[in-house]
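Residues per chain, in single letters:
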Amino acid sequence: MRQYINWKTYLIVIALLIVSASLFYTNRLARRLAIEEKKKVEQVVEGIKMMNLAKDNQDLSFISNFVVGDTTVPFILTDAKDSIKSCKNIDTSHARNGRELLREKLAEYKSKHAPIVSDFGTGKNYIYYGESYLLIQLRYFPYVQLGIILLFLIVVLIALSSAHRSIQNQVWVGLSKETAHQLGTPLSSIEAWMELLKEHEVNAEAVIEMQKDLDRLNLVAERFSKVGSAPQLEETNLVPRLQNMVDYMQKRAPNKVIISLQTNDDDVPVYMSGPLFDWVIENLIKNALDAMAGTGTIEIKVNNSPNTITVDIKDSGKGIPKYQVKKVFNPGFTTKKRGWGLGLSLSKRIIEKYHHGSLFVKNSDVGKGTTFRIILRR
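Along each chain, residue indices are assigned from 1 in the same order as the chain's sequence is written. Two thresholds apply to this predicted model, a pLDDT of at least 70 for residue-level local features and 80 or more for giving and counting side-chain atom pairs, whereas whole-chain, interface and lining totals are computed over all residues. To get the side-chain values, take all heavy atoms of the structure and skip hydrogens and water.

Caption draft 1: Broad picture of the packing of helix α7 (residues 274–290) against helix α9 (residues 343–354). Whenever a helix is involved, its axis is fitted only over the stretch in contact; in every case the axis is a line through C-alpha atoms, and angles between N-to-C directions fall within 0 to 180 degrees. The helix count covers DSSP runs of H or I at least four residues long, the strand count covers runs of E at least two residues long, and both are numbered beginning at the N terminus. One can describe the packing of α7 onto α9 by two numbers: an axis separation of 9 Å at closest approach and a directional angle of 145°. In the crossing of α7 with α9, the sense of the turn from one axis to the other is left-handed. On the side of α7, the interface is formed by Leu276, Phe277, Trp279, Val280, Asn283, Leu284 and Asn287, while α9 contributes Gly343, Leu344, Leu346, Ser347, Ile350, Ile351 and Tyr354. Note on residue classes: Ala, Val, Leu, Ile, Met, Phe, Trp, Tyr, Cys and Pro are nonpolar, Asp, Glu, Lys and Arg are charged, and everything else, Gly too, is polar. Here the residues of the contact of α7 with α9 sort into 10 nonpolar, 4 polar and no charged. Each crossing gets its hand from how the near helix is turned against the far one by less than a right angle, where anticlockwise is left-handed and clockwise is right-handed. Here, residues are in contact when the closest pair of their heavy atoms is within 4.5 Å.

So this is what it looks like as structure tokens:
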């Protein structure tokens, strides 16, 4: 995880360096080009002046070609009273009001450059000029480049994030299967000892309870073995399944904790993997128990509607701070001193990937409690 964060930092720093270098270089080029364009406008103005002051027999073909041939820098010629006399390299053919367009351009050019003053023999003239299309493109180029780099950076970060999640998933799957494998041997041995205890009729009630816990351990091992492989979904009535979980967890909860189940329908058929779904409910109830100081309530509410089934698990615990709500499903995130922080992450994976539903924090208030919501679609 830390290496992944370092890679993100390096990529962002490299992108900023590229953009900074590009901005510096293009701004330098833009300044030099702006100086050259000013010289060009001055040369055109000088050419116009020479044409106006020339004698009748003077050959002005070269100057005329130079003045007419320049099509790069737009400029507007005004008199001392700011009346527009002429313009060059400004297309007014598509404007509804060409005069108004020239006035707008004149105001724009005045804000960019000081005027070039020249006398064509009829008094002072003021030439206000703008920027060529090439110079405008050059000024915007760094921002276009920044957009491309950001887009590339986003694609790379998404790819790295996907690769990181894929590696994490492989680790969790491998860890789960190895856990199931390691549990298999001692469970087989315990089952053999249980059979011996049954034969010797040793405290039948204790043996029955021990058998329940042994069955539970076998179920846990089965759950771990199913992680990473597509489970077989079977139509199951959700209500008795949840009631069994409530009864099981109530016996193992503190005496001052009440776990209840409420439903608007006793018959709620849904396609699910029973062992994996039980695991999700167990994880959510355990998290609720951990959030309470040995006293409080856990309410499970089922709402059966034509298209969806919602299951809300609400506790009266300490709640989750807002800045942590988005992190609770991240692998490894935990606020407890013990545990690996995998329960909610695996629960979300089970609901969303295997049951095509959703699991999220519906609401949470610090000091009041948290509600997790499961949505299953028919």
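Caption draft 2: Geometry of the pattern of salt bridges. The working definition used for a salt bridge is a side-chain nitrogen of Lys or Arg within 4 Å of a carboxyl oxygen of Asp or Glu. Scanning the model with the defined rule gives 8 salt bridges in all. For lysine 112, the salt bridge is made with glutamate 108, and the minimal N-O distance between the two is 3.2 Å. With lysine 112 and glutamate 108 both in helix α3 (residues 98–112) and 4 residues apart, the pair spans about one turn of that helix. Note on classification: 1.4 Å probe, protein chains only; a residue is buried when its accessible area is under 20% of the maximum for its type, exposed when over 50%, partly exposed between these limits. A residue is classified by how much of its surface remains accessible, and lysine 112, at 37% relative accessible area, is partly exposed. The salt bridge partner of arginine 373 is aspartate 312, with a shortest N-O separation of 2.7 Å. Residue arginine 373 is located in strand β11 (residues 369–377), and its partner aspartate 312 is located in strand β9 (residues 308–315); the two are separated by 61 residues in the primary sequence. Aspartate 312 matches arginine 373 in its accessibility class, with the two residues each being buried. Bridged by salt links that share partners, the residues Asp312, Lys362 and Arg373 form one connected network.

Caption draft 3: Spatial organisation of α9. How far a helix is expected to stretch is found by multiplying one less than its residue total by 1.5 Å. Between the first and last C-alpha of α9 there are 16 Å, a value that for 12 residues agrees with the 16 Å anticipated at 1.5 Å per step. Looking only at α9, the buried set comprises Leu344, Ser345, Leu346, Ser347, Arg349, Ile350, Ile351 and Tyr354. Of the residues trailing α9, histidine 356 is marked for its positive phi of about 55°.

Caption draft 4: The sheet that holds strand β3 (residues 116–119), seen in detail. A pair of strands is considered paired only if DSSP assigns at least 2 bridges between the two. Pairing is antiparallel across the open sheet formed by 4 strands, whose spatial order is β2-β1-β4-β3. In this open sheet, the two strands that pair with only one neighbour each are β2 (84–88) and β3. The mean inter-strand angle of the sheet, taken between neighbouring strand axes irrespective of direction, is 25°. In the sheet, strand β1 (residues 75–79) pairs with β2 via 4 bridges, with the strands oriented antiparallel. Each residue of the ladder has a partner; that of phenylalanine 75, found in β2, is lysine 88. Contacting β1, β2 and β4 (124–129), α3 runs over the sheet at an angle of about 95° to β1.

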